[in-house]
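Residue strings, one per chain:
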Amino acid sequence: MKMITFFLVGLTVHVIFFLSIFDIYFTSPLVHGMIPMATLLTPPASRLVLIVADGLRADSLFTLLPNGSSRAPYLRSVVEERGTWGVSHTRVPTESRPGHVALIAGFYEDVSAVAKGWKENPVEFDSVFNESRHTWSWGSPDILPMFAKGASGDHVYTHTYPAAEEDFASTDASRLDSWVFAQVKSFFQSAKSNSTLMAGLLQDKNVFFLHLLGLDTNGHAHRPMSQEYLSNIGLVDSGVSELVSLVEDFFSHDGRTAYVFTSDHGMTNWGSHGAGHPSETLTPLVVWGAGVQSPHKLTETQLYHDGYLQDWKLEHLRRVDVNQADIAPLMASLIGVPIPVNSVGVLPLLYLNNTDRFKAECMYTNAIQILEQFKMKMKQKKETTLSFLFTPYKPLTQPKQVEFIHKARILMQLEKYGEAISLCQSLISHALEGLLYYHTYDRFFLGCSVVLGFVGWTSYVVLVILKTHASLNMHPDILTQKTNPTLPRLCVCVTLVIGIFLLVQRSPITYYVYCLLPVPVWYSVLKESKTLTDLIQSAHSLPLWKCFGYFVLVAVGIELLVVSFFHRAMLTVGLAVLSLWPMLTGLFGKAKFRSLNWFLGCLCLAAFPLMPVVGREPNINLVTCAGLLTLFTSACFLWPSQNRTPLHSSDKQQFIIQMISWATFASSIHVPLMSSTRLFHRLLSIFLSLTATYLLLSTGSEALFPPVLSWLMFVWINIEQEAMIAEGFSGRQELSTIDFSANIDISKIRQLKLDDIRRSYFFVFFIITAFFGTGNIASINSFDPASVYCFLTVFNPFIMGGLLMWKVIIPFIIVTCTFETIQVTTQLSSRSLFLIVLVISDVMALHFFFLVQDNGSWLDIGTSISHYVIVMSMTIFLMLLSVVTHILTSKRLLLWRRRKMHFP
């Protein structure tokens, strides 16, 4: 196979591996076709007021001030005198869209839908707003439209402020909440003179939704411990107090209004959210009004061991915690509308103040609503699975469903409501487990297919390395071996069997890709079986102990990299070990200065994984120091090369301009393309330009990372040259004299050696260090959003995310350019070292694929998936880079042929 074909095939294979994780683990949980279920009894409330304080933490609301008073006195009085309170537990990702979907629709949206935007609905879903008679909403243009668009009919009305108002540079964003409260007051005032609106307001099953974004915006801009954020809580509290008085007066204190106050997510101390820290997942829930239980005072200790009750001075009042999705059936039960058909929430009965019969009927409705989802999911899976292969969920077979329902109705007829509630709760538990069972029904089958393809591909790459890039004594027949005709026939038969099997089961098209991919991959492996046979036969001539030692070291090294994804401090351990490399290999005696530079560079870089990834206070002095260090490092590397290889005056001017005006963001990408084509000078120009951008996106100590990383990368290039001399290679060329635009002397390109495995591993190690040195890109919380405020302050998650991603990629580019330089200076084809890198990264990705198990928590699964995605993204990027490099190399070889140059 030609090398360009190999890379393109490999790129396709890795894209399939990359997409498979989303098809296996991030499929939509929604099913359609269910009938809405509602309790027939008269509901306690005619209307519901839902108030969502975006970004409000539970501790920020409930914690008392040092003098014993509350920063939210009205809501505190509600907790102590009028309603029921608790903590709502959110799920990852703790973002506004999934949080509101869980609150209002009752289900946890799949991650892929979050990436499709806040303003549109990538999938149609039912919600409490959709089931209401009318819903009036006020707040952010990012949240309200998605529920209006998803509603059937024209009964969800939205009132939003301009998107430009969501400005993180604002001195105080509480004006957003003031706008909402003012609009609500104006709305009720106008209703008094509008007979049509008044008639609608006097009907039942109405919802009023207030989305308060001020706290979230102030938290991002000033952090949750700031005076702006804490004062905003007081403003919200007084606004809620006035709102309740307004609503009660408007409806003549009829006692038919229920109120729910909560938050979609919390916020970390450093002003971000998205991951699973308790400050993000613990949100307040206060419910009061019609049909809601009054405070229940306790004398015994409550079964919460988190210490919050004591800190909040609320241990004497019953705390009722819920999952965020449980709020949807609670709201539906209070106003008597059907529970959203896709809701997986369980009605929290302790919030209801009603008869036992009403509670039992509501719980029964909740159970039937979830059971309908289970039945629809089971039906869909049964229709797409061969009857003899279908394995039903045994705890909830058809006879058991009928038995549950019949027994529940009998218990309610006998007025044994407590037993009926317990039975319905048991049915809900089984139905939710069954939903998960059928949702993940094909996961093991697809996972096995992907693993089989992964192992086959990695095996094939190893065989390619041994056959074409390793200096082994292969038998001459290896290069001209013919394929056994039985093998292609067998593969065709296997393909037909798999294709027919998937066709009968009416599987999605992606299933064909995942299941058929291993066939050509393993065909290629088995076709090269003689290479492996020849290697075994020539094993006696190989340095087996040295090979085994390299294998053990690389295996331990890969495991260290895998663990570093979960514990960044392992990178410090790895760098400490790498710092000893010159001493352990004898290079220290031959190049003391460079070895000492390597040692110090590794130790300095090792400090960064020990620093906190987030929570840093802005420190512009450190950013300034990083800029000065950049200039000093550049001068140190430029001066010696200038003495050995003088620069043209234009190149000198460009470097001086870069070193003076390195803060120019717009030109930083283009300037290196105009620099000298000498390898060392081009590297220095890239370093200066990228560091300028990085500094603009930095707020503290992370600004020091690129200069230290670049220092170590320059030392790595130099010390690899010393290692080549120690290995017996001659013809060392000064870095500043190498011109990468010159034609390649093919005669000097060598085969792979065992030491090249070390070089490839170093590259992967430094790539991971570049990713996790100042943050953990598997967690959005590892980066301070304040670092993009100098470019953008108005809320735009995609532009902000793009700027942060560019900041993350900059160290990656520095390491990649360094590795390409090492390939040139060590006289290796870029394809040769890349194949080893490909094997290492594939082994890591396969490791993470195995870690994605259902027996862990959802957060653990999500973390392993994100790590898998990171490694696969890195591999795909490297493959794209190799394809481009190969094309450019081929172009240079064509020019060489035209010039009729001849190499022996």
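Because the structure is a prediction, the values reported are computed rather than measured.

Chemist: Sorry, what's going on with the overall build of the protein chain here?
Modeler: Looking only at helices and strands, the protein chain features 35 helices and eight strands. Buried residues in the protein chain amount to 55% of all 904 residues. The contacts in the protein chain between residues at least 6 apart in sequence include a share of 80% that link residues at least 24 apart.

Chemist: Before we go on, may I ask you to explain the pairing of strand β2 (residues 84–89) in this structure?
Modeler: The two faces of a sheet get side chains in turn, since along a regular strand they alternate between them. With five of six residues buried, β2 lies mostly within the body of the structure. By the bridge criterion, six bridges tie β2 to strand β7 (residues 282–289) in an arrangement that is antiparallel. Paired with S88 across the bridge in β7 is T283. Here two bridges tie β2 to strand β8 (residues 322–323), and the two strands are oriented parallel to one another. By the bridge assignment for β8, H89 is matched with N323.

Chemist: Would you take a moment to explain the pattern of salt bridges for this structure?
Modeler: Two side chains carrying opposite charge are able to pair once their charged atoms lie near each other. Tallied over the full model, the rule gives 17 salt bridges. For R759, the salt bridge goes to D756, with nearest N and O atoms at 2.7 Å. Of this pair, R759 and D756 are both found in helix α32 (residues 755–772), three residues apart, which corresponds to roughly one turn of the helix. Summarising the burial analysis for this pair, R759 and D756 share the class buried. Connected via shared salt-bridge partners are E720, D755, D756, R758 and R759.

Chemist: Is there a simple way to think about the side chain of Q293 in this case?
Modeler: Relative to the assigned elements, Q293 resides in the loop between β7 and α13 (308–312). At a separation of 3.5 Å, a polar atom in the side chain of Q293 contacts the main-chain carbonyl oxygen of L352. Aside from chain neighbours lying at most four places away, what touches Q293 is R82, G83, T84, R318, L350, Y351, L352 and N353.

Chemist: Just to check I follow, could you spell out the sheet that holds β7 for this structure?
Modeler: Hydrogen bonds along the backbone pair up the strands of a sheet, which may run parallel or antiparallel. One open sheet holds the eight strands; their spatial order is β4-β3-β5-β1-β6-β7-β2-β8, and the pairing between them is mixed. Bordering the open sheet on either side are β4 (156–160) and β8, each of which pairs with just one other strand. As defined by bridge partners, strand β1 (residues 47–53) adjoins strand β6 (residues 257–262) across six bridges and the pair is classed as parallel. The partner of R47 across the bridge, within β6, is T257. Packed onto the sheet, helix α8 (residues 175–191) meets β3 (134–139), β4 and β5 (206–212) and runs at close to 155 degrees relative to β5.

Chemist: Explain the environment of P278 here, please?
Modeler: Mapped onto the secondary structure, P278 falls in helix α12 (residues 278–281). Residue classification places P278 among the partly exposed positions, given a relative accessible area of 40%. Taking the C-alpha atoms as reference points, P278 and T268, ten residues apart in sequence, are found 8.4 Å from one another.

Here is what the cut-offs are and how they apply
- Residues take numbers from 1 onward in each chain, read along the sequence in its written order.
- Reporting in this predicted model follows two pLDDT cut-offs: at least 70 for local features of residues, and 80 or more for side-chain atom pairs to be given and counted; totals over whole chains, interfaces and linings ignore these cut-offs and use all residues.
- For side-chain calculations, the full set of non-hydrogen atoms in the structure is used, while hydrogens and water are omitted.
- Counting from the N terminus, the helices are DSSP H or I runs at least four residues long and the strands are E runs at least two residues long.
- The cut-offs for exposure are 20% and 50% of the maximum accessible area for each residue type, with area from a 1.4 Å probe on protein chains only; residues under the lower value are buried, those over the upper are exposed, and the others partly exposed.
- Any two residues having at least one pair of non-hydrogen atoms within 4.5 Å are treated as being in contact.
- A pair of strands is considered paired only if DSSP assigns at least 2 bridges between the two.
- By convention in these notes, a salt bridge is any Lys or Arg side-chain nitrogen within 4 Å of a carboxyl oxygen on Asp or Glu.
- Residues adjacent in sequence count toward polar contacts only when both atoms are side-chain atoms; beyond that, a polar contact is any pair of N or O atoms within 3.5 Å, and within protein one must be able to donate a hydrogen and the other to accept it.
- Only the stretch in contact is used when a helix axis is fitted, and all axes are lines through C-alpha atoms; the angle between N-to-C directions ranges over 0 to 180 degrees.

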